[in-house]
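Structural overview
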Amino acid sequence: MLDWKNRVENVRVSVDDSVGEAKSYFGGLWRTVAVLLALYLFAALLVGWFWSQEPEFFPVQQNARSAAEQAQRPLVTGYTTVETLKTVASTLLDKNGGYLSNDIAPPGLWLDNMPSWEYGVLVQVRDMARALRKDFSRSQSQSTEDPDLAKAEPRFNFDNKSWALPATEAEYREGIKSLDRYQRRLADPSQPNAQFYTRADNLNNWLGDVATRLGSLSQRLSASVGRVRLNTDLKGDAVLAPGEAPQVSEEVVQTPWLQIDNVFYEARGQAWALSHLLRAIEVDFADVLAKKNATVSVRQIIRELEAAQEPLWSPMILNGSGYGVLANHSLVMANYISRANAAIIDLRTLLTQG
């Protein structure tokens, strides 16, 4: 009997020891997992911060001159604009962290400010690629479009969030290669089919697209604070009796709270890309701008766009009311964008009537 009790006691002690060892093992395992997870999150936070740094400005004329010398090509009219477009598009793919809009894994998956910036840059890249194909490379509306530019434009209009089959980066790099082939032919005197026409009407058409983009951005930025606006949609109202004022409907417009920072960074991306493209336009369209007394207007637009790129010292995008205690970064950005848009409208008038 005593022997049986001793055996039971030994078994109980053994079980208790095993349970204690198991608890100790799994407790240590969970602590290890927790530490590793904390280290990973901290590392991802640092990497995400590094990837979210916006690229610096690059010197447009120097960049084009250096590229022409390296490729042993003459710096012909249009070369600076095409080279600048290539560099802006390449920056999307080769900046810190590469292209993030189609990332499916952390930390890129968690970031939204830099993908919004990338989309803003992409909008201006697409508009310039279309302008090259539709206007700058054609002498008139009945002329044949350039074959390389006809390939480049749809490449840049590919889905900006495609991860694979094909990847967005691969399509955009093909677009850059098509631009390079056009640029090579443009600088080759034996290739007369590649042209770049610096006419006021061509430039005016592209500036019309730019004005439309900036006008939309200004409205979206201003909507960070809910405002009651008059509905400006034309509805073909019936003719009113003499002395009767028309009835105008009102609507409340406000950007969703979670989208405010996205709109802000999209505006910064567009301003960054557009400031470089306008500096290139200032070089290639120098004669046209001088004849229209419009060079100063272009430089004023560039100044407003570059002012929109001032460093942001706040850790987050603030959305205070217009005259409240806290700042409203969207309204500050809207001010610069609106001023640039107004200057573009004046520039278009000069190109048409100056």
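Below you will find a few notes about this structure. (Residues numbered from 1 in each chain as written. Predicted model: local features only at pLDDT ≥ 70, side-chain atom pairs only at ≥ 80, totals over all residues. Heavy atoms only, no water.)

When its volume is computed, the largest pocket comes out at roughly 1,000 Å³. What lines the largest pocket is a set of 30 residues, and nearest its centre among them are Asn113, Tyr265, Leu312, Ser314 and Pro315. Of all the secondary structure elements, the ones that give two or more residues to the lining of the largest pocket are helix 1 (2–51) and helix 8 (260–284). A per-element tally of the lining of the largest pocket places helix 8 first, with five residues. (1 Å grid on protein atoms, 1.4 Å probe; cavity = no way out; pocket = protein on both sides within 12 Å on 5 of 7 lines; lining within 4 Å. Points joined across faces, edges and corners; volume = space filled by probe spheres on them. Helix = DSSP H or I, 4+ residues; strand = E, 2+ residues; numbered from the N terminus.)

Turning our eyes to something else, we now look at a nonpolar patch on the surface. A cluster of nonpolar residues, Leu37, Tyr40, Leu41, Leu109 and Trp110, forms a patch on the protein surface that exposes about 510 Å² of accessible area. Taking relative accessible area as the criterion, Tyr40 reaches 39% and is therefore assigned partly exposed. (Patch = residues over 30% accessible without salt bridge, like charges linked within 9 Å, V, L, I, M, F, W, Y side chains within 5 Å. Areas by Shrake-Rupley, 256 points an atom, 1.4 Å probe, with all protein chains shown as cover. Salt bridge = Lys/Arg side-chain N within 4 Å of Asp/Glu carboxyl O. Buried < 20%, exposed > 50% of the residue type's maximum accessible area, 1.4 Å probe, protein only.)

Attention now moves to the environment of Tyr172. Within the secondary structure, Tyr172 sits in helix 6 (residues 168–186). Remark: the alpha-carbon pair of Tyr172 and Ala89, spanning 83 residues in sequence, is separated by 7.7 Å. Setting aside residues no more than four positions away along its own chain, Tyr172 makes contact with Leu93, Tyr99, Leu122, Arg126, Arg155, Phe156, Phe158, Asp159 and Asn160. (Contact = heavy atoms within 4.5 Å.)

Attention now goes to the packing of aromatic side chains. Counting across every chain of the model gives eight aromatic pairs. Consider the rings of Tyr99 and Tyr172, whose centres lie 5.9 Å apart with planes at 85°: the pair is edge-to-face. Placement of the pair is Tyr99 in the loop between helix 3 (79–94) and helix 4 (113–136) and Tyr172 in helix 6, with a sequence separation of 73 residues. Comparing Tyr99 with Tyr172 shows no difference in burial state: the two are buried. Relative to Trp272, the ring of Trp117 has its centre 5.2 Å away and its plane inclined at 55°; by these criteria the two rings are tilted. In this pair, Trp117 is assigned in helix 4 and Trp272 in helix 8, connecting sequence segments 155 residues apart. By relative accessible area, Trp272 is classed as buried at 1%. Put simply, the rings of Phe58, Trp117 and Trp272 pair up and form one aromatic cluster. (Phe/Tyr/Trp six-rings, centres within 6.5 Å; stacked < 30°, edge-to-face > 60°.)

Our focus in this paragraph is unusual backbone geometry. In this structure, Pro166 follows Leu165 across a cis peptide bond, with omega equal to -10°. Its location among the elements puts Pro166 in the loop between helix 5 (147–156) and helix 6. Positive phi values are uncommon outside glycine, yet Leu165 reaches one of about 55°. Checked against the element boundaries, Leu165 lands in the loop between helix 5 and helix 6. A relative accessible area of 86% places Leu165 in the exposed class.

Membership of the largest hydrophobic core comes to 72 residues, with the highest contact counts inside it found for Met128, Leu132, Phe136, Phe156 and Trp206. It is helix 8 that contributes the most residues to this core, 13 residues altogether. Non-local contacts of Phe156, meaning those with residues more than four positions away in its chain, are made with Ala89, Leu122, Val125, Arg126, Ala129, Tyr172, Gly175, Ile176 and Leu179. (Core = buried A, V, L, I, M, F, W, Y, C linked by side-chain atoms within 4.5 Å.)

Time to look at helix 11 (residues 329–353). Helix length check: helix 11 (25 residues) gives 36 Å between terminal C-alpha atoms against 36 Å at 1.5 Å per residue, within 8%. Burial in helix 11 covers these residues: His329, Ser330, Met333, Ala334, Ile337, Ala340, Asn341, Ala343, Ile344, Leu347 and Leu351. Where helix 11 is buried, its residues touch helix 7 (200–222), helix 8, helix 9 (286–291) and helix 10 (295–307). Two or three places before Ser330, at the opening of helix 11, Asn328 has a side-chain oxygen 3.1 Å from that residue's backbone nitrogen. (Expected span 1.5 Å × (residues − 1). Polar contact = N/O pair within 3.5 Å; in protein donor to acceptor, adjacent residues only side chain to side chain.)

Time to look at the side chain of Asn328. Inspection of the secondary structure puts Asn328 in the loop between helix 10 and helix 11. In terms of polar contacts, Asn328 uses its side chain to reach the side chain of Ser224, at 3.4 Å. One polar contact links the side chain of Asn328 to the main-chain carbonyl oxygen of Gly320, over a distance of 2.6 Å. Discounting residues that sit within four places of it in the chain, Asn328 has contacts with Ser224, Val225, Leu318, Asn319 and Gly320.

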